[in-house]
Amino acid sequence: MVKRGIVKTDLSGFVKKVQEHMEQFVEHAEPNLMLAAIMGGFGFPFYYFILHDFYPQPYENLPLRLLNAVICFSWGAYRFMPDWIKRFFPLYFIVSVLYVIPFYFSFMLLKNEFSAIWAMSTLGGLLLMTLLVYDWKYLCVMIVSGYGLAWLSVFLLDGKVSFTYFNEVYISAYIFSMMGSIIATHKRQTINRIRMVFMRSLSGTIAHEMRNPLNAIVNAIEAIQSILPERPSASSREEIFMITRNNLDAVNDVIDEASDIVRRGNKIIDSILTAMQGGEVDIKSFRRRSAGETIHSAIDTFAYSAPEEKKLIRIEIREDFEFFGDKDLLIYVLFNLIKNALYYKNKPSFSIAITTESHPSGNFIRVRDTGPGVPVGKRELIFESFYTHGKTGGNGLGLSFCRRVINSFGGHIVCHSKEQEWTEFEIMLPVYQSDKVMLLKKEIVKKKQLLVIEDDAAQRQLLTNLFMEWNCRPDEAASGDAALKMASYKPYDLILIDIDMPGKSGYETAETLRSGNGLPANLCQHYREIPLIGLKAPSSVNAYERHLGYGRKHASISRSYTRPLEKKMLEEIFEQFFFTQSATRKQLQPFDLSGIRILVTDDNATNRKFLRVVLEHSGCTVFEAEHGLEAIDKLEQSDIDIVLIDIEMPVMGGIDAVRLIRGGSVFHRFRKFREVPIIALTGHTDKESVEGIMRSGVNAHLSKPVAKKELIATLSFWLQRNSGVQDEAQGSAVHAQSMKEGTQRYIDEETLEMLMESLGRDTLLDLFDIFTKDTEKLLDKIEESAGKEEYKELAYLAHTLKGSSGTIGAIALSLNAEKLYLQLKSGRLSGFEESVSELRDMFRNTLVQLEAYKIKQFTGSL
């Protein structure tokens with residue numbers, strides 16, 4: 001009985017294995033089934049008339065050809081067959097292929113006694129067969145079987161098999177074609193097998209990377225459930241539940257941490273996919289990072305299968321150090337090394353030690369485990385793609401990608417081991433101030449879009465020469481207007497601005513960039529966030545920065561430097577705005593979203609629900625659509641303030657919908673189709689996809705999963721811009737207040753002290769005399785130009801007076817000169833005479849305070 005049961009089990013396993021092979025046979029042939037159906041279904045009857053009427057052969061058979069045609073057409077119907085018929089199709093397909101190609105062509109070849117026509121036709125049939133049969137072994141068996149059956153059939157029908165027209169050349173031709181077909185089929189089979197291995201490995205890697213964020217979400221839910229009150233019963237529906245401030249903070253901390261892990265998981269998956277497509281590790285997100293902080297973050301967020309696993313890991317930060325790279329990618333490397341080590345956690349006395357060490361030649365992170373070790377000959381092989389050692393279920397991609405990551409940091413990773421005792425992975429990272437790191441920084445800066453705005457050609461050349469040392473050449477603009485025109489065509493990553501340019505000043509240019517006025521919709525938010533660096537004359541910095549209206553003027557400038565800009569200063573700019581993680585983007589002013597009508601368009605109900613909860617919590621009214629066509633209907637029916645739209649949706653995708661919305665031809669009632677802000681939501685983050693999305697007419701792009709803060713900030717920006725809330729009134733008020741303060745205080749003593757410290761007492765006194773004489777001359781020219789109504793010259797002179805007054809610390813005079821300059825630039829000419837006369841009074845009062853300052857400071861030496 002036992003023996004019979006074993007035989008039955010073996011037979012069942014054999015049958016199952018045969019079924020799997022037959023299903024694979026059909027699976028690999030399926031892409032070519034329709035082509036074979038068309039070629040065979042029409043070809044068999046068609047060639048009957050060709051061979052019967054134009055090239056007569058000794059033997060032809062129309063019924064046999066029609067039967068073949070019917071069989072071929074049945075192949076083309078496979079994808080339309082009901083499931084119960086598809087179950088039998090693999091066996092039918094194998095038998096029918098054997099009959100239609102090797103048997104039929106061999107049968108006709110033998111019946112026509114190896115005529116040249118049928119010799120060529122048979123050769124074509126063999127080549128056609130390679131489209132349908134994926135395995136070279138099956139191909140050989142079917143060709144031999146088909147010929148054998150055909151020979152037997154002809155012998156039984158005719159009593160003999162004749163080779164009247166046979167030529168020895170046919171043998172070499174058949175062998176050559178068969179071998180070529182077999183090699184081609186085998187190559188295709190090998191490629192397909194590699195592809196399947198690759199896909200399995202890739203899916204395994206991505207599945208592992210998904211496990212961390214998914215476990216984080218599960219843990220976050222459990223943590224929040226432990227903090228919140230118990231679920232109320234149906235009878236206590238009206239009861240009010242309270243939560244303490246500490247518990248509320250804890251809930252938010254848990255949510256933030258889980259969100260960060262999900263974001264990191266998405267980033268790692270994107271990086272792996274890019275690497276698998278042959279791309280390089282993206283270095284644009286590299287920043288200055290702490291090794292110790294990164295290691296602790298990895299240990300705390302790793303997806304342990306049991307709490308005891310974390311206790312097996314010991315961290316020893318002997319010397320913390322900073323590295324240049326991507327924190328998330330290094331965490332991935334540590335995750336991979338920990339995961340590989342924990343495979344041997346059941347070994348007695350197993351442990352993992354992570355240590356750091358810093359040397360002038362390099363910084364080291366070492367991950368050592370007490371597992372079985374790695375043989376000498378395999379310590380390099382384990383870093384090759386698809387190679388695994390010592391464990392089952394691996395995909396051979398992890399360590400390969402880890403090496404690519406560490407190499408992209410300018411470092412290297414090696415394996416040391418003593419078999420049956422320990423394995424240690426040593427990561428060497430270059431010192432932060434090393435040449436390797438500088439090369440990486442230059443490679444990043446090289447790909448940045450940079451702009452220098454400077455009216456002085458010599459200064460522009462000096463700045464360009466500085467940038468050239470970083471292997472990049474910035475674009476140049478000689479005026480604010482020219483710069484704004486250039487900025488409307490290109491998204492610059494950093495802009496250097498001469499504050500004291502004639503015409504549109506540096507502050508005005510910066511304000512226009514920040515406000516987005518006159519810029520394309522897709523660049524407005526970009527220029528709200530990038531660093532704008534102001535360049536000023538050395539002695540005018542303090543005066544302007546304190547008294548020229550912070551609220552209105554300096555909110556637009558990220559940081560100011562004195563000219564000439566030095567090599568060290570440029571390095572400091574890059575370090576702060578490109579390579580330091582703590583550098584923050586310019587924050588938007590809070591915008592009240594209460595009552596804002598937002599259309600959320602996404603085919604995923606979960607995504608819509610999440611966005612609805614977030615937006616309604618902020619006071620918005622939310623409308624929903626499942627695809628682009630429904631979104632257009634909603635816009636026609638309701639007054640919508642802003643649109644959030646997914647890109648990939650059924651019925652009508654996001655890009656097509658945006659183009660129709662912007663075109664406006666689909667609307668009768670809705671008239672804001674050109675102005676309504678549209679924000680795209682998509683999982684595509686590669687540069688080409690984002691550029692294609694932006695070209696469709698959207699205003700901004702957010703990658704999924706969308707962070708709440710980023711979503712609210714983006715909505716706030718576009719709603720502020722659309723409603724015209726640009727703080728103009730506030731800026732004017734601040735400017736007016738500055739003027740008021742200026743009339744009470746004509747000079748800035750801190751500026752004067754700075755000048756005395758840098759120039760010395762005697763030089764400062766000389767500067768006072770020069771200022772007095774030059775200002776007298778300037779005021780004379782201003783009054784003369786005012787009398788002649790030479791407004792262009794008058795504006796130029798006012799701008800000159802503004803700069804010279806600010807340099808000496810004559811704040812009130814500088815403010816009034818700027819007021820006149822702005823009045824003339826805007827074309828508001830009424831009352832300019834009064835402004836001119838005020839300058840003379842302001843100058844007299846300034847001289848009085850300067851004299852008082854001299855007496856106060858130099859009374860002992862004058």
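Residues numbered from 1 in each chain as written. Predicted model: local features only at pLDDT ≥ 70, side-chain atom pairs only at ≥ 80, totals over all residues. Heavy atoms only, no water.

**So, a nonpolar patch on the surface**
Our working rule: Patch membership is restricted to residues that have no salt bridge and whose relative accessible area is over 30%. Joining uses 9 Å for like charges and 5 Å for the nonpolar side chains Val, Leu, Ile, Met, Phe, Trp and Tyr. To measure how exposed things are, a 1.4 Å probe is used in the Shrake-Rupley method; for residues, cover is taken only from the protein chains shown. Definition used for salt bridges: Asp or Glu carboxyl oxygen within 4 Å of a side-chain nitrogen of Lys or Arg. Secondary structure elements follow DSSP: runs of H or I no shorter than four residues count as helices, runs of E no shorter than two count as strands, and numbering proceeds from the N terminus.
A surface patch of nonpolar side chains, amounting to about 930 Å² of accessible area, comprises Y147, W151, L152, F155, L156, F163, F166, I171, I175 and M179. Those elements that place two or more of their residues in the nonpolar patch are α7 (136-158) and α8 (168-227). A total of 5 residues in the nonpolar patch trace back to one element, the largest contributor, which is α7.

**What about the pairing of strand β6 (residues 412-418)?**
The two faces of the sheet receive side chains in turn, since in a regular strand these alternate between them. Selection criterion: Exposed residues in this analysis have more than 50% of their type's maximum accessible area, buried residues have under 20%, and partly exposed residues fall in between, with area computed by a 1.4 Å probe over protein chains only. Here, any two strands with at least 2 DSSP bridges between them count as paired.
Burial along β6 is one-sided: the residues I413, C415 and S417 are buried and none of H412, V414, H416 and K418 is. Hairpin connection between β6 and strand β7 (residues 422-429): a loop of 3 residues separates the two successive antiparallel strands, and Q420 in this loop has a positive phi of roughly 70°.

**Digging into the packing of aromatic side chains**
Going by this rule: Each Phe, Tyr or Trp ring, with Trp reduced to its six-membered ring, pairs with another whose centre is within 6.5 Å; inter-plane angles below 30 degrees give stacked pairs, above 60 give edge-to-face pairs, and intermediate values give tilted ones. Two conditions define a charge sitting above a ring: the NZ of Lys or the CZ of Arg must be within 6 Å of the ring centre, and it must be within 35 degrees of the ring normal.
Taken as a whole and judged by the stated rule, the model has 37 aromatic pairs. Seen in terms of ring centroids, F44 and Y104 are 5.4 Å apart; in terms of plane orientation they differ by 85°. Their pairing is edge-to-face. Of this pair, F44 sits in helix α2 (residues 33-54) while Y104 is found in helix α5 (residues 89-111), placing the two residues 60 residues apart along the sequence. For F44, a relative accessible area of 9% gives the class buried. An aromatic cluster is present here, built from F286, F323, F324, F409, Y432, F467, W470, F574, F578 and F579 joined pairwise through their rings. Directly above the ring of Y78 sits K86, whose terminal nitrogen or CZ lies 5.1 Å from the centroid. Seen from the ring of F578, K448 lies directly overhead, with NZ or CZ sitting 4.7 Å from the centre.

**Digging into the pattern of salt bridges**
Summed over all chains, the structure comprises 33 salt bridges. Between E309 and K345 there is a salt bridge; the shortest N-O distance is 2.5 Å. With E309 in helix α11 (residues 307-311) and K345 in the loop between α12 (327-342) and β4 (352-359), the pair connects residues that are 36 residues apart, well separated along the chain. Residue classification places E309 among the buried positions, given a relative accessible area of 6%. Linking D475 and K490 is a salt bridge whose minimum nitrogen-to-oxygen distance equals 2.8 Å. Taken together, the residues span a long stretch of sequence, with D475 in strand β9 (residues 475-477) and K490 in the loop between α16 (480-487) and β10 (494-498) at a distance of 15 residues. On the basis of relative accessibility, which here comes to 22%, the residue D475 falls in the partly exposed class.

**Considerations on the sheet that holds strand β12 (residues 559-562)**
Rules: Axis definition: a line fitted to C-alpha atoms, over the contacting stretch in the case of helices. Angles run 0 to 180 degrees between N-to-C directions.
Pairing is parallel across the open sheet formed by 5 strands, whose spatial order is β9-β8-β10-β11-β12. In this open sheet, the two strands that pair with only one neighbour each are β9 and β12. In this sheet, neighbouring strand axes are inclined to one another by 20° on average, regardless of whether the strands run parallel or antiparallel. Both strand β8 (residues 450-453) and β10 contribute to a ladder of 4 bridges, which runs parallel. Bridge pairing links I453 to I497 in β10.

**So, helix α21 (residues 605-617)**
Note the following rule: Given a helix with a known number of residues, its expected span is that number minus one, times 1.5 Å. Note: the arc covers the axis-to-C-beta directions of the helix. Polar contacts, as counted here, are pairs of nitrogen or oxygen atoms within 3.5 Å of one another; within protein the pair requires one atom able to donate a hydrogen and one able to accept it, and residues that are adjacent in sequence qualify only if both atoms are side-chain atoms.
Here α21 contains 13 residues, and its C-alpha end-to-end distance of 18 Å stays within 8% of the 18 Å for a straight helix at 1.5 Å per residue. Residues of α21 that are buried: R608, L611, V614 and L615. Seen end-on, α21 carries its buried residues on one side only, within an arc spanning 135°. Opposite the buried face of α21, by more than 90 degrees, sit the exposed residues T606, K609, V613 and H617. For α21, the N-terminal capping position is held by N604, with its side-chain oxygen 3.0 Å away from the main-chain nitrogen of N607. Where α21 terminates, the next one or two residues include G619, which has phi positive at roughly 95°.

**Focus on the nonpolar core**
To be explicit about the condition: The criterion is simple. A nonpolar core is a set of buried Ala, Val, Leu, Ile, Met, Phe, Trp, Tyr and Cys residues joined through side-chain atoms within 4.5 Å. Whether two residues touch is decided by their heavy atoms; if any such pair falls within 4.5 Å, the residues are in contact.
In terms of nonpolar packing, the biggest core is built from 67 residues, with I354, I365, F409, L565 and F579 touching the most fellow members. Considering each element in turn, this core owes the most residues, 11 residues, to α12. Excluding its chain neighbours within four sequence positions, the residues that come into contact with F409 are F286, F323, F324, G325, D326, L329, L330, L429, P430 and L440.

**What about the sheet that holds strand β2 (residues 313-317)?**
On the basis of which strands lie adjacent, the open sheet formed by 5 strands has the order β2-β4-β5-β7-β6 and mixed pairing. Two strands lie at the open edges of the sheet, namely β2 and β6, each paired on one side alone. Along the sheet, successive strands turn relative to each other by an average axial angle of 15°, direction set aside. Direction of pairing for β4 relative to strand β5 (residues 362-369): antiparallel, over a ladder of 8 bridges.

**Here's the deal with the environment of T464**
Here T464 shows up in helix α15 (residues 457-468). Non-local contacts of T464, meaning those with residues more than four positions away in its chain, are made with R473, P474 and E476.

**So, the confidence of the model for the protein chain**
The test is simple: Values of pLDDT, which run from 0 to 100, indicate the predictor's confidence residue by residue.
Mean pLDDT over the protein chain: 79, with 76% of residues reaching 70 or higher. Mean pLDDT in the protein chain bottoms out at helix α26 (residues 728-744), which sits at 39, and peaks at β7, which reaches 95. Confidence drops under pLDDT 50 across residues 540-553; counting only partners more than four residues distant or on other chains, this segment forms 48 contacts. Across residues 725-743, where pLDDT falls below 50, the model places 21 contacts with residues more than four positions away in sequence or in other chains.

**Considerations on the packing of α5 against helix α6 (residues 116-129)**
Our working rule: These descriptions rest on fixed angle ranges, namely under 35 degrees for roughly parallel, over 145 for roughly antiparallel, 65 to 115 for roughly perpendicular, and the rest for oblique. Working rule for handedness: look at the near helix, and if it is turned counterclockwise from the far one by less than a right angle, call the crossing left-handed; if clockwise, right-handed. Amino acids outside the nonpolar list (Ala, Val, Leu, Ile, Met, Phe, Trp, Tyr, Cys, Pro) and the charged list (Asp, Glu, Lys, Arg) are all regarded as polar, and Gly is one of them.
Where α5 contacts α6, the two axes come as close as 9 Å, and the packing angle between them is 165°. Put simply, α5 runs roughly antiparallel to α6. Our pair here, α5 against α6, has a crossing hand that is left-handed. Residue-level contacts link V97, I101, P102, Y104, F105, M108 and L109 of α5 to W118, A119, S121, T122, G125, L128 and M129 of α6. Counted by class, the contact of α5 with α6 contains 11 nonpolar, 3 polar and no charged residues.

**With respect to the packing of α16 against helix α17 (residues 506-515)**
The geometry of α16 relative to α17 is characterised by a closest axis approach of 9 Å and an angle of 20° between their N-to-C directions. With respect to each other, α16 and α17 are oriented roughly parallel. Crossing of α16 over α17 shows right-handed handedness. Residues G480, L484 and A487 of α16 pack against T509, T512 and L513 of α17. Of the residues assigned to the contact of α16 with α17, the class counts are 3 nonpolar, 3 polar and no charged.

**A short note on the side chain of Q57**
Following the sequence through the fold, Q57 ends up in the loop between α2 and α3 (62-76). Within polar-contact distance, the side chain of Q57 engages the side chain of S115 at 2.9 Å. Each residue touching Q57, except ones within four places of it in the same chain, is listed here: L51, N112, S115, I117 and W118.

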